[in-house]
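Residue-level structural notes
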Amino acid sequence: MQKTKLGISVGLLGAAIYFMGLFSGYLVVFVLAGYVLLCEENSWLRKCAVKAVFVMAVFSLTVAVLNLVPDIFSFINNIFSMFGGSFYVPFISNLINAIVVALNFIEKLLMIGLGVKALNQGTIAVPVIDKLISKYMG
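What counts, and where the lines are drawn
- Residues numbered from 1 in each chain as written.
- Predicted model: local features only at pLDDT ≥ 70, side-chain atom pairs only at ≥ 80, totals over all residues.
- Heavy atoms only, no water.
- Helix = DSSP H or I, 4+ residues; strand = E, 2+ residues; numbered from the N terminus.
- Rg over C-alpha atoms; globule rule 2.2 N^0.38 Å.
- Buried < 20%, exposed > 50% of the residue type's maximum accessible area, 1.4 Å probe, protein only.
- Contact = heavy atoms within 4.5 Å.
- Areas by Shrake-Rupley, 256 points an atom, 1.4 Å probe, with all protein chains shown as cover.
- Salt bridge = Lys/Arg side-chain N within 4 Å of Asp/Glu carboxyl O.
- Expected span 1.5 Å × (residues − 1).
- 1 Å grid on protein atoms, 1.4 Å probe; cavity = no way out; pocket = protein on both sides within 12 Å on 5 of 7 lines; lining within 4 Å.
- Points joined across faces, edges and corners; volume = space filled by probe spheres on them.
- Nonpolar A, V, L, I, M, F, W, Y, C, P; charged D, E, K, R; others polar.
- Axes fitted to C-alpha atoms, helices over the stretch in contact; angles between N-to-C directions.
- Parallel < 35°, antiparallel > 145°, perpendicular 65-115°, else oblique.
- Left-handed = near helix turned anticlockwise from the far one by under 90°.

1. Details of the overall build of the protein chain
Scanning the protein chain from terminus to terminus reveals six helices and zero strands. Written out in order from the N terminus, the α and β elements of the protein chain read α-α-α-α-α-α. In summary, the protein chain has a C-alpha radius of gyration of 20 Å against a globular reference of 14 Å for 138 residues, an excess of more than 25%. Taken over the C-alpha atoms alone, the protein chain extends approximately 70 × 25 × 25 Å along its principal axes. Counting across all 138 residues of the protein chain, residues that qualify as buried make up 32%. Considering only intrachain contacts with a sequence separation of at least 6, the fraction spanning at least 24 residues in the protein chain is 67%. For the protein chain, the computed accessible surface area is about 8,500 Å², with 72% contributed by carbon and sulfur atoms.

2. So, the pattern of salt bridges
Summed over all chains, the structure comprises two salt bridges. Of the charged contacts, one joins glutamate 41 and lysine 5 as a salt bridge, the two residues approaching to 3.2 Å between their closest N and O atoms. Of this pair, glutamate 41 sits in the loop between helix H2 (26-39) and helix H3 (43-66) while lysine 5 sits in the segment before helix H1 (10-23), and the two are 36 residues apart along the sequence. Each member of the pair, glutamate 41 as well as lysine 5, is classed as exposed.

3. Observations regarding helix H5 (residues 90-118)
With 29 residues, H5 ought to run about 42 Å at 1.5 Å a step, and its terminal C-alpha atoms sit 42 Å apart, in line with that. All of the buried residues in H5 are Ser93, Ile96, Val100, Leu103, Glu107, Leu110, Met111, Gly113, Leu114, Gly115 and Ala118. The inward-facing, buried residues of H5 abut H1, H3 and helix H4 (68-82).

4. Quick word on the layout of surface pockets
Of the voids in this model, the largest pocket is the one considered here, and its volume is about 150 Å³. Along the walls of the largest pocket sit Gly21, Leu22, Gly25, Tyr26, Met56, Ser60, Glu107, Lys108 and Met111, which together make up its complete lining. Only H1, H3 and H5 provide two or more residues apiece to the lining of the largest pocket. Here the element with the most residues in the lining of the largest pocket is H5; it accounts for three residues. Broken down by class, the residue content of the lining of the largest pocket amounts to four nonpolar, three polar and two charged.

5. Observations concerning the packing of H3 against helix H6 (residues 127-137)
Packing of H3 against H6 brings their axes to within 10 Å, and their N-to-C directions diverge by 130°. By the angle between their directions, the pair H3 and H6 is classed as oblique. The crossing of H3 and H6 is right-handed. Along its contact with H3, which presents Arg46, Lys47, Val50, Lys51, Phe54, Val55 and Val58, the element H6 presents Ile129, Asp130, Leu132, Ile133 and Met137. Here the residues of the contact of H3 with H6 sort into eight nonpolar, no polar and four charged.

Encoded structure:
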């Protein structure tokens, strides 16, 4: 079992990065990923750190783009309300909210799965993210 410079196993640090992404957010993950990229030589651990950041970023970007739709409808409603009218499409807003909740659930399941697999230095294939990581990390 390989050890990091901190004295803990590589798998445990990889799992910690995924679980911190699940529980704490971007700051802790960036600090841990930065440490791994600057100080550790294990290629699996380095890819693990980058994958955790990528997974979080992809899901956050997707949710942000989806949330633009209700924002657009809200903008249109504000324009209509200036003239005494209203514009609200509840079906679209409810659909977007359901998709966002589903994406958050999928992200949590994926991070838990990646964290558990990381304990044994395994991974779960996420084709889009894995392709980007292998393209840019070599």
